[in-house]
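Geometric and topological summary
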Amino acid sequence: MNGNRPGDIRNFAIVGHAAAGKTMLAESMLMCSGTIQRLGSIVQGTTISDYHVGEQQRHISIHATPLNCEWQGRRFNFIDAPGYLDFSSEAINVLNVADFALVVINAAHGIGAGTEMMWEYASTYGIPKIIVVTGLDKEKVDFNGLLGEIRSRFGNQVFPLQVPMDPGPGFHQVLDVLRSEVVSYATDRSGKYKEETAVGPWKEKVNVLHQELVEHIAESDNALLEKFFADGGLPEDVMRTGIHPAVQQQVFVPLLCTSGETNVGVARLMDFIAKYGSSPEDRQTVGATSADTSEPCLVRLAGAEPVAYVFETLTDPQSGDLSFFRVYSGTIRPGMELYNSERRIVERCGQLYRLNGKLRTQVDSLTAGDIGAAVKLKDTHTGNTLCETKHAIILPKVAYPTPYTQAALKLNTPGDEEKLAAGLAALHEEDPAFTYHTDPELHQFILAAQGELHLEVLFERLKRRYRVDVSLDQPKIRYRETIRGRGEARYRHKKQTGGAGQFAEVWLRVEAGPRDSGLNFSQSLTGQDVDRIFVPSVEKGVKTLSLEGIHAGFRVTDVKVEFYGGKMHPVDSKDIAFQIAGYFAFREAFQNARPCLLEPIHELEIRVPEEFVGRVVGDLSSRRGKIQGMDVNGRLQVIKALVPAAQLYHYGTALRSLTGGRGMHSEKFSHYEELGLELEKKLVAEYQAARAAGTAGHNHTH
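Residues numbered from 1 in each chain as written. Predicted model: local features only at pLDDT ≥ 70, side-chain atom pairs only at ≥ 80, totals over all residues. Heavy atoms only, no water.

Here the focus is the packing of aromatic side chains. Within this structure, the stated rule accounts for 18 aromatic pairs. Ring geometry for F12 versus F76: centroids 5.7 Å apart, planes at 80 degrees, classification edge-to-face. With F12 in strand β1 (residues 9–16) and F76 in strand β3 (residues 74–80), this pair connects stretches of sequence that are 64 residues apart. Like F76, F12 is buried. An aromatic cluster is built from F12, F76, F78 and F100, whose rings are joined through pairwise contacts. Positioned above the aromatic ring of W119 is the side chain of K129, whose terminal nitrogen or guanidinium carbon lies 4.8 Å from the ring centre. Positioned above the aromatic ring of Y353 is the side chain of R360, whose terminal nitrogen or guanidinium carbon lies 5.5 Å from the ring centre. (Phe/Tyr/Trp six-rings, centres within 6.5 Å; stacked < 30°, edge-to-face > 60°. Helix = DSSP H or I, 4+ residues; strand = E, 2+ residues; numbered from the N terminus. Buried < 20%, exposed > 50% of the residue type's maximum accessible area, 1.4 Å probe, protein only. Lys NZ or Arg CZ within 6 Å of the ring centre and 35° of its normal.)

Structure (structure tokens):
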């Protein structure tokens, strides 16, 4: 088989919630196809898919791993995507290049937040979904209950093409609705099976389901529906021809039954994919943008010019970087020169590979619709498009969820700043789902990731791969200082040393300004006591202090400052003297005006299943949160709340553990409000102690 015709290719993403059984399902597919001779084990770290150090230590998938095999004359390119929400960006990258999603649901655990998230992303990308129920060999499995739950979540178009006949330990028999027969699998994990005609109650059950299936297919097409009513049914061949388009339109979502760990049901699932799964031919064109004119354009599957999208880049110390890509048009060969339309550089394509985890098979070309990898493209990264210079286009990039889990990076070895910057830049090219920046106000280096585990993994890679000695710290909070009342001060600065002296006297009034008005400086000088040339000098002194903080070392805001008088000396008054006098006059006036602290309040939107609302609301009130309202979105409750930023460190992790991984949230800064007296006293005392020790600065971590 050459597997090069787009119609013979099946590109699919294996997605679902964490621990649903995706990696073992992928392993069983490789076993059925003869690509591997025995099933690996996640616990022993011997699966083809989870081969990275971090994955083997944690027994979970962290990277999306491309795999491939041949089955019934079809080329399967399938990608085992992580289920942990922290690594959802990997799964999103893969759904973007897949032709359909294999959504895996574990019979023992049911639907998780990851299942729903992947379902929504697959719908966003407009690709069909096929549901695979795994873990049917586990204790106390209730298939009918699970089917009901899946239908109530994802709609009645979900239809069981298979029913497990003996779910639970020893599960090996499946009722096949398409063929009206019983399929019995070998118990030696070989994936081999034999078929018999269904008899007795199973025959009755399969007849009812078969009739329902015919109705589902008929509903997907008006011509079929007319035929169905005219003839009282559909001939078998017509019905089968109708399955593929019905799946494409998602008026019919097939559900199949397996156990990946024991390799039961997997061969039949592969048969279904080979026969009815989407191929690149189902999407003849994809939307893009012209790199030169920014006008929308189309990339055609049958187009002659090469176009490829890089959906993942991996750095492998042993063998260098790999760029994984999907070819959308044309043919790509080793030695070809391709234009990276985003970086505006020409890349020379080296050797091309198909991948099974870390095992590589060299190929001499990759054609439209295929997925493969190239080695060491020098400046091409995740999300870039490769094409011809004269047909420069850009394929749409993936939008990742906003990273809310933040930590501050602290260098343990001074002087390693460059190493850290280079390491983070390289990691970000590989994984654009995290962000990092230096915060000039907090004097901290802030890393924002998709969750705690994501942070941990990035942190480990920095240490292991780039040898940067760092530790993770809590990010500081941007408190603000303001005043409740009015105050004034007159400050004289006088310095007499040998030579020129310095002299300035500044009279200031301060009062509270409206919330969020910042610092408002004005002058109301009369007469000739102070030359107006010194007004900017006083303002500079005031602004310098407002950034340093007065009361507890935080920036000053919502204060009106009025420079209303003062004195000067014809010789000794100069810019620096008035800056210093302005600085200290402001300090004194501020301290006389009942200073207080403000804290940042964030607006949270939390999406949780109904049964967790009580827990989540209780937890929010323990964080000094105020509930703003509740809403319903499909099957989820949406809670809106205002919570102090200081109470949100690691909130995403807390929410997941409160809701069994089913809750998700987004947050954004809302406003500032006054901090309670107890907390204020604590911060002021810390600041004063730090000043006395000579380490004052922005050293608060609350």
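Note on helix geometry: an α-helix contains 3.6 residues per turn, so any two residues three or four positions apart are oriented the same way. Compared with an ideal rise of 1.5 Å per residue, which puts 14 residues at 20 Å, helix α12 (residues 535–548) spans 21 Å between its outermost C-alpha atoms and is within 8% of the ideal. What α12 keeps buried is the set V535, S537, V538, G541, V542, L545 and S546. Buried residues along α12 sit in contact with β31 (502–512), β32 (519–523), β33 (555–556), β34 (559–567) and α13 (575–591). One or two steps after α12, the chain reaches G549, where phi turns positive at roughly 90 degrees. (Expected span 1.5 Å × (residues − 1). Contact = heavy atoms within 4.5 Å.)

What follows concerns the nonpolar core. M29, F78, L102 and I150 are the most contacted members of the largest nonpolar core, which has 118 residues in total. Of all the elements, helix α9 (residues 266–276) adds the most residues to this core, at 8 residues. Setting aside its immediate chain neighbours within four residues, F78 contacts F12, I14, A26, M29, L30, T65, P66, L67, N68 and C69. (Core = buried A, V, L, I, M, F, W, Y, C linked by side-chain atoms within 4.5 Å.)

With respect to the element layout, D80 can be found in strand β3. A residue is classified by how much of its surface remains accessible, and D80, at 0% relative accessible area, is buried. Between the C-alpha atoms of D80 and M568, which are 488 residues apart in sequence, the distance is 76 Å. Polar contacts involving the side chain of D80 include one to the side chain of T23, which spans 2.7 Å. (Polar contact = N/O pair within 3.5 Å; in protein donor to acceptor, adjacent residues only side chain to side chain.)

Let us look at the pairing of strand β17 (residues 337–340). Both β17 and strand β18 (residues 345–348) contribute to a ladder of 4 bridges, which runs antiparallel. Looking at the pairing, N340 lines up with I345 of β18. Counting the residues in the hairpin turn of β17 and β18 gives 4 residues, including R344, whose phi is positive at 55 degrees. The pairing of β17 with strand β23 (residues 385–387) spans 2 bridges and is antiparallel. Residue pairing in the sheet places N340 in a bridge with L386 of β23. (Pairing = 2+ DSSP bridges.)

It is worth spelling out the side chain of D86 at this point. With respect to the helices, strands and loops of the structure, D86 is situated in the loop between β3 and α3 (88–97). Of note is the side chain of D86, whose polar atom sits 3.0 Å from the backbone nitrogen of E452. In this structure the side chain of D86 is engaged in a polar contact, spanning 2.7 Å, whose partner is the backbone nitrogen of L453. Those residues in contact with D86, other than ones at most four positions away along the chain, are Q450, G451, E452, L453, H454 and R656.

Before going further, it helps to spend a moment on the sheet that holds strand β9 (residues 181–185). An order of β7-β8-β9-β10 is seen for the 4 strands of this open sheet, with the pairing classed as antiparallel. Looking at which strands have only one partner, the edges of the open sheet turn out to be β7 (162–164) and β10 (193–197). On average, each strand axis in the sheet is tilted by 25 degrees relative to the strand beside it, whichever way the strands run. Summarising the sheet, strand β8 (residues 173–176) and β9 pair through 4 bridges and their orientation is antiparallel. In the strand pairing of β9, V174 is matched with V183. Here helix α6 (residues 200–219) sits on the sheet in contact with β7 and β8, set at roughly 45 degrees to β8. (Axes fitted to C-alpha atoms, helices over the stretch in contact; angles between N-to-C directions.)

What follows covers the confidence of the model for the protein. Of the residues in the protein, 96% reach a pLDDT of 70 or more, and the chain-wide mean stands at 90. Note that residues 698–702 has pLDDT below 50 and, in this model, 24 contacts with residues that lie over four places away or in other chains. (pLDDT = per-residue confidence, 0-100.)

Among the structural elements, H665 can be located in strand β38 (residues 664–674). Here H665 falls in the buried class, since its relative accessible area comes to 15%. Polar contacts involving the side chain of H665 include one to the side chain of E667, which spans 2.9 Å. Apart from residues lying up to four places away in sequence, H665 is in contact with Y404, L604, E605, I606, Y651, G652 and L655.

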